[in-house]
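Architecture at a glance
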Amino acid sequence: MIFATPWVLLALAALPLLWWLLRITPPSPHTVAFPAIRLLFGLTAPEETPARTPWWLLALRMLAAALVIVGLARPVLDAGASLAGGGPLVLVVDDGWAAAPDWSRRMAAASGVLDRAERAGRDVALLTTAPSEADAASPVASVAMPVAELRPRLSALRPKPWPVDRTAAAAALRPWAGRGGAAYVADGLAGPGWDSFAAALAAIGPVTVLRDEVPPARLLLPPRAEVDRLVARLQQAPRPLPETVAVLAQSGDARTLARVEATIPAGTGTVELPILLPPELRNRLSRLVVEGPPSAGGVVLLDERWRRRPVGLLAGDAVAAAIPLSGMLYYLRRALDPYVELRVGDLASLLSREISVLILADHVVAAGPEAAMLANWVEKGGLLLRFAGPRVAQGRASDMAEQPDALLPVTLLAGDRQLGGAMSWSQPAGLDDFPPNSPFAGLKVPAEVRVTRQVLAQPDAHLAAATWARLADGTPLVTQATRGLGRVVLFHTTANADWSDLALSGLFVDMLRRLVALSAGISGITEADGTRLAPVETLDGFGVAGPPQAAAAALTAGEIATAAASPRHPPGLYGPESGRRTLNLGTRHPPLVAAPPVPGAREEPVAGAAPERLLAPWLLAAALALLAIDLLLSLRLRGLFRARAGAGAAVLLLAVALPAQAQTLLPSPPPPNPALVTQLAYVVTGDAQVDGIVRAGLLGLSDYVNRRTNAALGEPAPVTPGETDLSFYPLLYWPIVPGSPKLSGAAVTALNAFMAHGGIILIDTRNGGSGEGFNAGSEAALAQLAQNLAVPPLAPLTPQHVLARSFYLLHDFPGRFDGDDVWVQRAQDRTNDSVSPVIIGGHDWAAAWAIDAQGRNPYATLPGGARQRTLAYRFGVNLVMYALTGNYKGDQVHIPAILERLGQ
C-alpha cells in the first residue's frame, strides 16, 4: 500500500494536542422548575467544575480524526512498485495479433503504469509496435504528455491483425536514449529485429517489462489437404507443460461442423489435428478457428484450394474401364484421386447425390431418359467433361444426317482423324500454347506430348470461341459450350494412352484440376494470372471479419499464395465471388519463440497484481460514521438526546457517510408492482445460463424501446406459469430448453387463459436458420411442451402482417440467428381480434438484444453482424408495439375506405 499524498500524514503529530483539547466537555444542564420571581431571592449559585470527557468517547474521537488524516493522504492498495528512474516515461505496447488473446489484461496493465507515472508526476510518451492500419506507417512514438491527456489514446488502442515491426520500433526508440525510463507491455514473442529493439529499449534508462511467463498466443497455419481429411496445423511457443487445444471447423454461416482436440507435448511448439468430414460437409467449410480467446492468428479462412469436389466417373465399357494402363478410367483415377472425391457407378446413382463434375470416357449419350437426365443436371449448373474414343467416333459415323449425341459442345465430323502411322502421310501433332480465354492459360505445354488420333469438329463461325486447347496445326483439342447454368467440355482424344500420350503427362493432371475448379464457379484466375484481386472482407486483430482497412491493396492470386500479412495486405477474402482467394496470417509467419529478457529490465507479470483500490472513500466514510456516533453520545451525555430525533439524525448521517461503493451492501429494492409498471415477462426455465441471457435480452430491449418510443417499460419479470399471475404482462418470452419437464395442469390452464385474454407468447427454440444445431433437441421439446396448449393454426410471418409494420417497416425478422421462418396465427382466423396469441421462431432474439453491465452486446449476431442486430432490435420494438396496441396498425389500413363511406 502507498500514499498518494504522504505529507498529509504529518497531521498525525497533532493528535496529542487534540487529545488534550477534547478532554474537557461542558457539564450537563439541570432542569429546574421556574417558580414565582420572589422565590428566587436568596438563591446561591453553586460553583461549577468542568467535567472530564470519558476516555472511551475521547478514543472514539481520536480514531475518527486519525481516519480523516489517513484518508486525506489517499492510500492506494495494490498499487505496485514505483517506476524506476526520473524524467519522461516511454510506454511501449505490443499491439500485433499476438496481443489479442489477453488484450483486456494488457490494457489494464498499461493503465496501471499510467497510474504510477501520474503519482510520480512524470509525463508519458506512447509507442505501439505494430504498423498503423490507417496509412501503413511505421511505429512512431508520440510526444511526452501528461497522463490525463494520454489516457484517451491508450483506451482507443486495438490489436492489429498482423505482426509487430520491432525493427521500426527500435528506430523510433533511439531518439529517447538516456532521457528517462521505459515500461514495455510485451506479447512475449521474439521475432525479426528483437535484439536491436531490446538494445534500444535498454538504452532509454530503467526498464519495466510486463509480460506473461509463457506467451499465450497460438497461430493456426493453413491446413494440409489430404485424400480423406483436412489436417489443421497449430503452432505456439513451446511451454513447460502439455496442453490440450481444440480447433473448430465452421461453415460460412458460422455453424460448427466439427471440433477436434489434440495435446501439445511439453517443450513442443506444433501439433496437427486431422479433421474427418464427409465431402459434402467438408466442401461447406469456410474457416478454422482455435477454440479459446479470439485473435487473428487463431483463424484460417478457406477457399477452393482446400475443398474436395465430388467427381463422378462413367465409361462406355465399364468392364474394361479399370484395366491398368489401358482402361479409360485408369489415368483419370490417378490424376484426380489426390484432389477430389471420386465416385463410380451408373448414371442414376451418380446423379442422385451432389456432384460437381461428371466425366464420361468414350461414353455415347443416346437420346432418351439418360440424355434428359444429363441435360437437366447440366442446365442446373453441372460440368459435364467428356473424352472421345472409338465409341464416340463410331456413333457419329453411324448416322451422317442427324447428330445422335446432343450433349456435345460442337458438331463432330464423321469418323476420326489419324496422325502418323503406316497408312497416314501426316505426323503426330504437338499442342499449341493455350489461348488467353482458356482456363488452361499459363500452363506450360510439354514438348513431348503428341496426339496420334482425334475426332474433328465441324468448322463454323463459333468454333474459335468454343476452343480452349488446339493442336499445333490449329485443329481443336478441347472445346466447350455453356448449357443453362452448366457447361459441357469435350477432349477430342481419349482419356488413356491409345490416341495420345497426354494422359501420361503432368499437364493432364493440371488441366483436370483447372476444370474441377471451374465446376465450383471459380473463374480462370490462376496463380500465374496477373489479375489483381481487391480485398472484399478482412479480419481485425480479434479475428472478426469486417470491411477492408483503409490501407488494404489488391493482390494477384500468385502474390496471395506467398504474401505476408501487413497493413497493405491484411488477412481476409480477396477477389470476386466467382474467384475468391483467402490470405491468412499463418501463410508466411516465422515460428513462434518466446522472447529472451530485456537486458537489465525489471519484469512483472501482466496479470500478477490485483487492480489498484483507493481506500480514501472507505476511510472517510468510516470517520463520518464514527462522528455520527460521537454526536449521539455527546447529546446523551448533555441530556439533550431525544430518541426519535437522535435516530433520525443517525440515519441521515450514516446515509451521507456511506460511499457509492457501499450501495451494493444494501438490500435490493422490492420488485415493482406489475399493476403499476408495464413489464415484459419471461418464463423461468431452470437453466441459470438461459434465464440470465433472456433477462439481459429483455433488459436491452426495454431500454431500446424506452429510448425510441413513448412506451415506458420497467425491468423484465421472471414468471412461472401456474404460480405467477400472468394477467399483468402483455408479452411473455419463452425460451425452449431441451429436456424440460412437461407442463403441469395449472401451467397449461394459466397459459391458455393468458392467450385467450389478449396476451402474446413469443416461443424461441434458439435453433433456427444460421443457428441450426446450437440448441439441438429444442423442436422435440417444443412439441412435448405445446401438446395441451391452445395454439391456433400458424402461417409464416410476412411483410404484410401487422407485426411487420407496427412501428418499423420490416421484411426480415432476425435475432442472433437469421434465415428461418417466424410463425404467427394465420390471417383467416379472426379470434382474439386478429392478434396472434403465439409467435414461434428460432432466431434467439434475447441473445441479440442482451446487454451486459457495461451496456455492451456480449453475443455475436450471425451472419449479419451489426446490421442484423439493428433489425433484431427493430423487430423487438414491433413486437412490443404489437403486444400493446394489437391490430391498431391493421385498422389504419382501412381509414381511406372508411372516410370515403363517410363522405357518401
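Details of the structure are given in the entry above.
Thresholds, definitions, all that
- Residues numbered from 1 in each chain as written.
- Predicted model: local features only at pLDDT ≥ 70, side-chain atom pairs only at ≥ 80, totals over all residues.
- Heavy atoms only, no water.
- Helix = DSSP H or I, 4+ residues; strand = E, 2+ residues; numbered from the N terminus.
- Buried < 20%, exposed > 50% of the residue type's maximum accessible area, 1.4 Å probe, protein only.
- Contact = heavy atoms within 4.5 Å.
- Pairing = 2+ DSSP bridges.
- Axes fitted to C-alpha atoms, helices over the stretch in contact; angles between N-to-C directions.
- Arc of directions from axis to C-beta.
- Polar contact = N/O pair within 3.5 Å; in protein donor to acceptor, adjacent residues only side chain to side chain.
- Parallel < 35°, antiparallel > 145°, perpendicular 65-115°, else oblique.
- Nonpolar A, V, L, I, M, F, W, Y, C, P; charged D, E, K, R; others polar.
- Expected span 1.5 Å × (residues − 1).
- Phe/Tyr/Trp six-rings, centres within 6.5 Å; stacked < 30°, edge-to-face > 60°.
- Right-handed = clockwise from strand over helix to strand, strands pointing away.

Moving on: the overall build of the protein chain. Per the secondary structure count, the protein chain includes 23 helices and 39 strands. Within the span of the protein chain, comprising 904 residues, buried residues form 47% of the whole. By sequence separation, contacts in the protein chain at least 24 residues apart represent 73% of the contacts at least 6 residues apart.

Okay, the sheet that holds strand 13 (residues 270-275) next. Each strand in a sheet pairs with its neighbour through backbone hydrogen bonds, running either in the same direction (parallel) or in the opposite one (antiparallel). On the basis of which strands lie adjacent, the open sheet formed by three strands has the order 9-10-13 and antiparallel pairing. Strand pairing shows two members of the sheet lacking a second neighbour, strand 9 (218-225) and strand 13, which therefore form its edges. Averaged over neighbouring strand pairs, the angle between their axes works out to 25 degrees when direction is ignored.

This part is about helix 6 (residues 194-204). Among the residues making up helix 6, those that are buried are Trp194, Phe197, Ala198, Ala200, Leu201 and Ile204. Projected down its long axis, helix 6 carries its buried residues within an arc of 165 degrees, all on one side. Lining the buried residues of helix 6 we find strand 5 (89-93), helix 5 (166-173), strand 7 (181-185) and strand 8 (207-210). Glycine 205 lies just past helix 6 and shows a positive phi near 150 degrees.

With that settled, consider the side chain of glutamine 549. As for its position among the elements, glutamine 549 is in the loop between strand 27 (545-546) and strand 28 (555-556). At 2.9 Å, the side chain of glutamine 549 forms a polar contact with the side chain of threonine 538. Excluding residues that lie within four positions of it along the chain, glutamine 549 makes contacts with Glu133, Pro161, Trp162, Thr538, Leu539, Asp540 and Pro570.

At a minimum axis separation of 10 Å, helix 3 (residues 103-119) and helix 4 (residues 147-155) run at an interaxial angle of 175 degrees. Relative to helix 4, the element helix 3 lies roughly antiparallel. Of the residues in helix 4, those touching helix 3 at Met107, Ala110, Ser111, Leu114, Asp115, Ala117 and Glu118 are Val147, Leu150, Arg151 and Leu154. Per-class residue counts for the contact of helix 3 with helix 4 are seven nonpolar, one polar and three charged.

Quick look at the side chain of serine 295 now. Within the secondary structure layout, serine 295 lies in the loop between strand 14 (285-290) and strand 15 (299-301). Contacts of serine 295, omitting those with residues within four sequence positions, involve Trp97, Ala100, Pro101, Arg218, Gly541, Phe542 and Gly543.

This part takes up unusual backbone geometry. Of note, leucine 325 is a non-glycine position whose phi angle comes to about 70 degrees, a positive value. Even without glycine at this site, aspartate 362 takes up a positive phi of about 50 degrees. When you line up the elements, aspartate 362 lands in the loop between strand 18 (357-361) and helix 10 (369-379).

For the rest of this paragraph, the subject is helix 17 (residues 688-708). The first and last C-alpha atoms of helix 17 sit 30 Å apart over 21 residues, in line with the 30 Å expected at 1.5 Å per residue. Those residues of helix 17 lying buried are Val690, Asp691, Ile693, Val694, Ala696, Gly697, Leu698, Gly700, Leu701, Ser702, Tyr704 and Val705. Turning to helix 17, the residues buried within the fold contact strand 33 (681-683), strand 35 (731-735), helix 20 (845-849) and helix 21 (865-885). Between a side-chain oxygen at the N-terminus of helix 17 and the backbone nitrogen of glutamine 689 the separation is 3.0 Å; the capping residue is aspartate 687.

In spatial order, the strands read 12-11-14-15; together these four strands make up an open sheet with antiparallel pairing. Each edge of the sheet is formed by a strand with only one pairing partner; in this case those strands are strand 12 (256-264) and strand 15. On average, each strand axis in the sheet is inclined to that of its neighbour by 20 degrees, with strand direction left out of account. Two strands pair when backbone bridges link them, and strand 11 (residues 243-251) and strand 14 are joined in this way by five bridges, in the antiparallel orientation. Bridge pairing in strand 14 places alanine 249 opposite leucine 288.

Applying the stated criterion across every chain yields a total of twelve aromatic pairs. Ring centres 4.6 Å apart and planes at 20 degrees place the aromatic pair phenylalanine 387 and phenylalanine 491 in the stacked group. Pair noted here: phenylalanine 387 is in strand 19 (residues 383-387) and phenylalanine 491 is in strand 24 (residues 486-491), with a separation of 104 residues, a long-range link. Judged by its relative accessible area of 0%, phenylalanine 491 is buried. Of the aromatic side chains, those joined through ring pairs into one cluster are Tyr184, Trp194 and Phe197.

All right, on to the pairing of strand 23 (residues 476-483) then. A large share of strand 23 lies buried, amounting to six of its eight residues. The sheet contact formed by strand 22 (residues 467-470) and strand 23 spans three bridges and is antiparallel. Across the sheet, the residue bridging to threonine 467 is threonine 479, located in strand 23. Linkage of strand 22 to strand 23, two consecutive antiparallel strands, is achieved through a turn of five residues, within which glycine 474 is found at a positive phi near 95 degrees. Across six bridges, strand 23 lies against strand 24 in antiparallel orientation. If you follow threonine 482 over to strand 24, its bridge partner there is arginine 487. Counting the residues in the hairpin turn of strand 23 and strand 24 gives two residues, including glycine 484, whose phi is positive at 65 degrees.

Let us now look at the pairing of strand 8. Across the two faces of strand 8 the burial is the same, with Val207 and Val209 and Thr208 and Leu210 all buried. Relative to strand 8, strand 7 runs parallel, the two being bridged by four bridges. When the sheet's bridge partners are listed, tyrosine 184 is paired in strand 8 with valine 209. Chirality of the crossover, the property in question, places the unit of strand 7, helix 6 and strand 8 among those that are right-handed. Judged from the three bridges that link them, strand 8 and strand 31 (residues 602-604) form a sheet pairing that is parallel. Its bridge partner being in strand 31, valine 209 is matched across the sheet by glutamate 603.

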